[in-house]
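# Understanding the architecture of this molecule
What follows is each chain in one-letter form.
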Amino acid sequence: MRVLLTGAEGQLGRCFSDRAGDLLEVLATDRKQLDITDIDAVQKIINDFNPDAIVNAAAYTAVDKAESDYDAAYAINCHAVKNLASQASKLNIPFIHVSTDYVFNGESKIAYNESDECDPKSVYGATKRAGELEALQSPKGIVIRTSWVFSEYGNNFVKTMLRLGVQRDALSIVGDQYGCPTYAGDLAQAILTMLATPNFMPGLYHCSGDESVSWYQFAQSIFNTAHASASYPRIPVLSSITTDEYPTPAARPRYSVMNTNKLNAAGIAPGDWKKQLERVIPKILKEVSV
Ligand SMILES: NC(=O)c1ccc[n+]([C@@H]2O[C@H](COP(=O)([O-])OP(=O)(O)OC[C@H]3O[C@@H](n4cnc5c(N)ncnc54)[C@H](OP(=O)(O)O)[C@@H]3O)[C@@H](O)[C@H]2O)c1
């Protein structure tokens, strides 16, 4: 199976390439090789490679910057997705696209289902929601909503915590926003399983790690794991603060836990993010000087 992968240098893209193995012929393109907003370039690469599936791991993910950069965020997260979906439709091939928990307003008290109403509170969330709707226009379109992604690659909360933890004695972390951390490798594996399953049902799926926490609790897990399993010198003093005490340009959902039963029923279980933290942290610590 020939798979066109976009955004290959991002967290998901790199984890996908690592796991694709010999079973798939992956054309892994980063932004330099294929800017997904370049309609002609997308057309050319698809004509030349003639893929059997497209996996879109490219996205505008700078959540706060998007607030003042709507056009670029929309071009990447929606307009380019529409074009990829339409190319996939023409070839009648699966189009796997990734979205976010930020499509929800965060006012729920129970885990969000795929059918729950979307009400994004940020430009990032709004452009991702618009992209979801475009991706789902493709007859073999699959949209996977995920949350709080971390990995050994790129920028993420785990890396930020480990870096700040060696620089500061104390850290204040938001304790009233809840979600499910997700290892990008588990997300990549879910996509590979979808590709390997004949006639995997198109549609919208939630895919996130198995246990919900606040950012403060996530930070506690990160430092405890680093201290127990790797050569991390000490744990900074952590204090829990409110969202109001940590204002950001983009609003975040207070609660964005997603129900993953639909994906589970399709044979893909949520990943054990704490176990994955134990594997990822030693890799990150090779880069972060402690
Ligand atoms: N990270 C999270 O916590 C999180 C949470 C929920 C959902 N998601 C979603 O999960 C997916 C994967 O996220 P991720 O964490 O892997 O993101 P990431 O690490 O930021 O990777 C995104 C990649 O897309 C590339 N890209 C941006 N614009 C592009 C363009 N015009 N053409 C081609 N490539 C382009 C970026 O390249 P540059 O570096 O050059 O810009 C980057 O390599 C995204 O759809 C994201 O919205 C992420």
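For clarity, every value in this text was computed on a predicted model and none was experimentally measured. (Residues numbered from 1 in each chain as written. Predicted model: local features only at pLDDT ≥ 70, side-chain atom pairs only at ≥ 80, totals over all residues. Heavy atoms only, no water.)

## Examining the state of the cysteines
To be explicit about the condition: Put simply, a disulfide is two cysteine sulfurs that come within 2.5 Å.
This model, assessed by the stated rule, comprises zero disulfides. Among the cysteines around C118, which has no disulfide bond, C78 carries the closest sulfur, lying 13 Å off. Free of any disulfide, C180 has its nearest cysteine sulfur in C207, 11 Å distant.

## A word on the nonpolar core
Note the threshold: Throughout, nonpolar core names a set of buried Ala, Val, Leu, Ile, Met, Phe, Trp, Tyr and Cys residues whose side chains join them through atoms within 4.5 Å. Working definition: with a 1.4 Å probe on protein chains only, accessible area under 20% of the residue-type maximum means buried, over 50% means exposed, and in between means partly exposed. Only DSSP runs of H or I reaching four residues or more are called helices, and only runs of E reaching two or more are called strands; each is numbered from the N terminus. Any pair of residues with heavy atoms lying within 4.5 Å of one another is described as a contacting pair.
Counting residues in hydrophobic clusters, the biggest one holds 55 residues, and the most contacted among them are F16 and F218. Counting residues per element, this core draws most heavily on helix α7 (residues 184-196), which supplies eight residues. Other than its neighbours up to four places away in sequence, F218 contacts W148, F150, F157, V158, P181, V213, W273 and L277.

## Some words on the UniProt feature "domain: RmlD-like substrate binding" (unreviewed entry) in the protein chain
Note the following rule: UniProt positions are given in the numbering used here, feature names are shortened, and annotations may be inferred rather than shown by experiment.
In this structure's numbering, the residues bearing the UniProt feature "domain: RmlD-like substrate binding" (unreviewed entry) are residues 1-283. As a span, residues 1-283 carries 41% helix and 17% strand, and end to end its C-alpha atoms are 31 Å apart.

## So, α7
What counts, and what does not: For a helix, the expected span equals 1.5 Å multiplied by the residue count minus one.
Between its first and last C-alpha atoms α7 spans 18 Å; for 13 residues at 1.5 Å apiece the expected length is 18 Å, and the two agree. Those residues of α7 not exposed but buried are A184, G185, L187, A188, A190, I191, L192, M194 and L195.

## Description of the pattern of salt bridges
Our working rule: We define a salt bridge as a side-chain nitrogen of Lys or Arg found within 4 Å of a carboxyl oxygen belonging to Asp or Glu.
Within the structure shown, the criterion is met by twelve salt bridges. Among the salt bridges present, the one from R2 reaches D52, with a minimum N-O distance of 3.9 Å. Highlighted residues: R2 in strand β1 (residues 2-6) and D52 in the loop between α2 (39-49) and β3 (53-56), separated in sequence by 50 residues. Among the ionic pairs, R254 bridges to D244, the shortest N-O distance being 3.6 Å. With R254 in the loop between β12 (237-241) and α9 (261-265) and D244 in the loop between β12 and α9, this pair connects stretches of sequence that are ten residues apart. Owing to a relative accessible area of 36%, R254 belongs among the partly exposed residues under this scheme. Assessed through its relative accessible area of 64%, D244 is described here as exposed.

## Topic: the packing of helix α8 (residues 215-229) against helix α10 (residues 273-287)
Note the following rule: Every axis in this analysis is a line fitted to C-alpha atoms, fitted for helices over the stretch in contact. Angles between the N-to-C directions lie between 0 and 180 degrees. For this classification, under 35 degrees means roughly parallel, over 145 means roughly antiparallel, 65 to 115 means roughly perpendicular, and everything else is oblique. Each crossing gets its hand from how the near helix is turned against the far one by less than a right angle, where anticlockwise is left-handed and clockwise is right-handed. Charged residues are taken to be Asp, Glu, Lys and Arg, nonpolar residues to be Ala, Val, Leu, Ile, Met, Phe, Trp, Tyr, Cys and Pro, and polar residues to be all remaining types, Gly included.
Running from amino to carboxyl end, α8 crosses α10 at an angle of 50°, the nearest separation of the two axes being 10 Å. On the basis of their axis angle, the class for α8 and α10 is oblique. In this structure, α8 crosses over α10, and the sense of that crossing is right-handed. Residues F218, S221, I222, T225 and A226 of α8 pack against W273, K274, L277, E278 and I281 of α10. Its residues assigned to classes, the contact of α8 with α10 shows six nonpolar, two polar and two charged.

## Focus: the side chain of T182
Stated formally: The definition of a polar contact used here is a pair of N or O atoms within 3.5 Å, where within protein one atom must be able to donate a hydrogen and the other to accept one, and adjacent residues in sequence count solely through side-chain atom pairs.
Mapped onto the elements of the fold, T182 is located in strand β9 (residues 182-183). A distance of 2.8 Å separates the side chain of T182 from the backbone oxygen of S147, its partner in a polar contact. Within the structure, the side chain of T182 is placed 3.2 Å from the backbone nitrogen of G209, a separation counted as a polar contact. In contact with T182, other than residues within four places in its own chain, are T146, S147, W148, V149, F150, C207, S208 and G209.

## Details of the site of the ligand
Applied cut-off: What makes a residue near a molecule or strand is one non-hydrogen atom of that residue sitting within 4 Å of it. Here the accessible surface of atoms and residues is derived via Shrake-Rupley with a 1.4 Å probe, and residues count as covered only by protein chains that are part of the display.
By nearness alone, 24 residues border the ligand, and L12, R31, T61, Y124 and K128 come closest of all. Between the ligand and D35, the relevant distance is 2.9 Å, taken from a nitrogen atom to a side-chain nitrogen or oxygen of the residue. Contact distances for the ligand include 3.0 Å between a nitrogen atom and a backbone N or O atom of I36. In isolation the ligand offers 900 Å² of accessible surface; the protein chains occlude 80% of this area. Elements with a contribution of two residues or more to the shell around the ligand: α1 (11-20), β4 (95-100) and α5 (123-135). The element contributing the most residues to the shell around the ligand is β4, with three residues. Among the residues forming the shell around the ligand, the class breakdown is eleven nonpolar, nine polar and four charged.

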